[in-house]
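Survey of secondary and tertiary structure
Residues per chain are reported as follows:
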Amino acid sequence: MRQKHIDLPADQQITQWYNVIADIPNGVEPPLDPATGQPIGPDKMGAIFPMGLLEQEMSTERWIGIPEEILDIWQIWRPAPLIRATFLEEALKTKAKIYYKYEGVSPSGSHKTNSAVAQAYYNKQEGVKRLATETGAGQWGCALSFAAQKFGIDCKVYMVRVSYDQKPYRKVMMNTYGAEIVASPSPDTPTGREILASDPDTPGSLGIAISEALEDTVSREDTKYALGSVLNHVCLHQSVIGLEAKKQLEMVGDYPDVVIGFCGGGSNFAGLAAPFVPDKLAGRQIRLLGVEPTSCPTLTKGRFAYDFGDVSQRTPLLYMYTLGHNFIPSGIHAGGLRYHGMAPVISALMRENLMEAIALQQLECFEAGALFARTEGIIPAPESSHAIRAAIIEATREPDKPQTILFNLSGHGLLDLSSYEKYFAGQLVNYALPDEAIIKATCNLPVINR
Ligand SMILES: *Cc1c(COP(=O)(O)O)cnc(C)c1O
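Structure report, in brief.

**Considerations on helix H6 (residues 139–150)**
Because each turn of an α-helix spans 3.6 residues, side chains separated by three or four positions in sequence point in the same direction. A rise of 1.5 Å per residue sets the reference length of H6, with its twelve residues, at 16 Å; its end C-alpha atoms lie 17 Å apart and thus fit the reference within 8%. Of all twelve residues making up H6, ten are buried, and the element is well covered by its neighbours. Those residues of H6 not exposed but buried are Gln 139, Trp 140, Gly 141, Cys 142, Ala 143, Leu 144, Ser 145, Phe 146, Ala 147 and Ala 148. In this structure, the buried residues of H6 make contact with helix H3 (68–74), helix H5 (112–125), strand S6 (130–135), strand S7 (154–160), helix H8 (168–176) and helix H17 (382–397). Taken from the residues just after H6, Gly 152 is the one with a positive phi, measuring 70 degrees.

Structure follows, in structure tokens:
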């Protein structure tokens, strides 16, 4: 019988994170203080993040130990399974072997729980009583609500208005974990009130929600801020995905020709792909392929420059691919996180030609998601369906070519069924962000005086 489910024995559990920054040639550009144009020190960010996470953010150590308490909670769902998509392979009539790492087994249903637990832990270590955060499609808010609850920390989530309205069950889920949720822009912060006054019907954006969560954080002594993607420490926490997958493939004597993941802010793809970077640097033939939506083409059409992480220009400047911090995504696209920037780690991998990126339209991705559900049984998150579509493209380009494809199934789509409903009803259309919109959104990037 073909082996379908590849489980990592408990004694093979990953106990150290892998920090790819140690191996990226020329490193990752440092975050800058917008006031001075100089690299920002941990002291300045101590008001919003705990030191434990800031140390990881700045770290160039290759391996970082994972605390027991995090491993203990992770055991609810980790090691996560690696599954060979044999039924999808048959449906595609391909000789390619397709494996997927399934992160939807976490309590909140996505990979985000990996970093949420780690972030809540380091906040708890430093006596933080309350966390403020933003959430786009809702997965990060759910993950952090769960993790904060595990460590007895209060959690307030600013949820982008359009998803707050479209995904009511995400809100119930966060409430179930004990968190407080508000639609963003909200009347609770100065930025929220200002935007509501000038544009009461705005769908909101991640950039706005981040501004609100940051304002909340700096207005209170007991509160710190948590971000679910983009930052180095988040990508670090997610490296467990690729480290496990690598060991699991080894167990069946396989190695990927191509590694695929959806890129929103970049954390699940970085997590899966980074552990393969040293092999690629050592000359091994392996492609690392990030996939993004044509409605938010950060890697394929964005500028590579220093930019703010939020609308009200409160964050340090990050050197990254960006569509501009004022970018407000079109409400047309049904799937998930559409952030204007991309993780500096991913941006540096692009700069060094260690990875490549493609943008896909939403209809072909929902079609791939539905085919995956009908063959493998799991209904994928709309984000993850982009990785599935890319895996299908790779597996069918030369169907007789024996090759191994590994992709990340970053989450299940059981709370995204309204998007599938719209897809089946023919209410979704393809949408690519027009070049004029990109030029307009990126013409106001900050000028750095150094
Ligand atoms: C948030 C999310 C993503 C995108 O975020 P990354 O930081 O790029 O990983 C992808 N898939 C799922 C299921 C998510 O929840």
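**So, empty space enclosed by the protein**
What the rule picks out here adds up to four cavities of 30 Å³ or more. If you add up the space inside the second largest cavity, you get close to 270 Å³. Along its surface, the second largest cavity is lined by 24 residues, and Phe 49, Leu 227, Leu 231, Pro 316 and Leu 318 are the ones closest to its centre. Looking at the lining of the second largest cavity, the elements that each hand over two or more residues are helix H2 (51–58), helix H10 (206–218) and helix H11 (232–251). Here the residues of the lining of the second largest cavity are counted per class, giving 18 nonpolar, four polar and two charged.

**With respect to the packing of helix H16 (residues 362–376) against helix H18 (residues 417–424)**
Close contact between H16 and H18 brings their axes to 11 Å; oriented N to C, the two are set at 110 degrees. Considered as vectors, H16 and H18 are oriented roughly perpendicular to each other. Between H16 and H18, the contacting residues are Leu 363, Phe 366, Glu 367, Gly 369, Ala 370 and Arg 374 on the first element and Ser 419, Tyr 420, Tyr 423 and Phe 424 on the second. Of the residues assigned to the contact of H16 with H18, the class counts are six nonpolar, two polar and two charged.

**As for the pattern of salt bridges**
The full count for this structure, using the stated rule, is 24 salt bridges. Close ionic contact of Glu 29 with Arg 351 constitutes a salt bridge, the shortest N to O distance being 3.0 Å. With Glu 29 in the loop between strand S2 (16–18) and helix H1 (42–45) and Arg 351 in helix H15 (residues 344–351), the pair connects residues that are 322 residues apart, well separated along the chain. Assessed through its relative accessible area of 23%, Glu 29 is described here as partly exposed.

**A few points about the site of the ligand**
Near the ligand, the surroundings consist of 16 residues, among which Lys 112, Ser 229, Ser 267, Asn 268 and Ser 410 are the closest. Ser 229 has a polar side-chain atom sitting 2.4 Å from an oxygen atom of the ligand. Starting from 380 Å² of accessible surface for the ligand in isolation, the protein chains cover 100%.

**Here's the deal with the sheet that holds S6**
Spatially, the four strands line up as an open sheet ordered S8-S7-S6-S9, and their pairing is parallel. Either end of the sheet is taken by a strand with one partner, and the two such strands are strand S8 (180–184) and strand S9 (223–225). Each strand of the sheet is rotated relative to its neighbour by a mean of 25 degrees, with strand direction disregarded. Across six bridges, S6 lies against S7 in parallel orientation. Paired with Glu 134 across the strands is Tyr 158, a residue of S7.

**Notes on the nonpolar core**
Judged by nonpolar contacts, the single largest core of 76 residues is most densely connected at Trp 17, Ile 70, Trp 74, Val 117, Leu 288, Leu 299 and Leu 406. With residues near it in sequence (within four places) discarded, Ile 70 still touches Trp 17, Val 117, Ala 118, Tyr 121 and Tyr 122. Ala 85, Tyr 100, Ala 368 and Ala 395 belong to the second largest nonpolar core, which has 26 residues in total.

**Looking at the environment of His 325**
Note on placement: His 325 falls in the loop between strand S13 (318–322) and H15. Note on His 325: relative accessible area 3%, which makes it buried. With 156 residues separating them along the chain, His 325 and Tyr 169 place their C-alpha atoms 29 Å apart. When sequence neighbours within four positions are dropped, the list of residues in contact with His 325 reads Asp 307, Phe 308, Asp 310, Val 311, Gln 313, His 340, Asn 444 and Pro 446. At 2.6 Å, the side chain of His 325 and the side chain of Asp 307 are in polar contact. A polar contact of 3.1 Å, which involves the side chain of His 325, links it to the side chain of Gln 313.

**Some words on the side chain of His 111**
Relative to the helices and strands, His 111 is located in the loop between strand S5 (97–102) and H5. Looking at His 111, its side chain comes within polar contact range of the side chain of Ser 267, at 3.4 Å. Residues in contact with His 111, not counting those within four places in the same chain, are Glu 103, Gln 238, Ile 241, Ser 267, Asn 268 and Ser 410.

What counts as what
Starting afresh in each chain, residues are numbered from 1 along the sequence in its written order. Local features are withheld for residues below a pLDDT of 70 in this predicted model, meaning they are given only at 70 or higher, and side-chain atom pairs are given and counted only at 80 or more; totals for whole chains, interfaces and linings count all residues. The basis for the side-chain values is all heavy atoms of the structure; hydrogens and waters are excluded. Helix and strand definitions follow DSSP, with helices as H or I runs of at least four residues and strands as E runs of at least two, each counted in order from the N terminus. A helix is expected to span 1.5 Å for every residue after the first. Burial classes: relative accessible area under 20% of the type maximum marks a residue as buried, over 50% as exposed, and values in between as partly exposed (1.4 Å probe, protein chains only). A contact between two residues is defined here by any heavy atoms of the two lying within 4.5 Å. Lining residues are those with an atom within 4 Å of a point, where the points come from a 1 Å grid over the protein atoms alone and group into cavities, where a 1.4 Å probe fits but cannot get out, or pockets, open sets with protein on both sides within 12 Å along at least five of seven lines. Grid points are joined across faces, edges and corners, and a volume is the space filled by probe spheres set on the points. Classes in brief: Ala, Val, Leu, Ile, Met, Phe, Trp, Tyr, Cys and Pro nonpolar; Asp, Glu, Lys and Arg charged; the others, Gly included, polar. Under this scheme, a helix contributes an axis fitted over its contacting stretch, all axes are lines through C-alpha atoms, and angles between N-to-C directions fall in the 0 to 180 degree range. Each angle gets one of four labels, with under 35 degrees taken as roughly parallel, over 145 as roughly antiparallel, 65 to 115 as roughly perpendicular, and the rest as oblique. Note on definitions: salt bridges are taken to be side-chain nitrogens of Lys or Arg within 4 Å of carboxyl oxygens of Asp or Glu. Nearness here has a simple test: a residue counts as near a molecule or strand if at least one of its heavy atoms is within 4 Å of that partner. In protein, a polar contact means a hydrogen-donor-capable atom and an acceptor-capable atom, both N or O and within 3.5 Å, with residues adjacent in sequence counting only if both atoms are side-chain atoms; elsewhere, any N or O pair within 3.5 Å suffices. Computed with the Shrake-Rupley method and a 1.4 Å probe, the accessible areas treat only the protein chains shown as cover for residues. Two strands pair under a simple rule: DSSP has to find at least two bridges between them. Note on terminology: a nonpolar core comprises buried Ala, Val, Leu, Ile, Met, Phe, Trp, Tyr and Cys residues joined through side-chain atoms within 4.5 Å.

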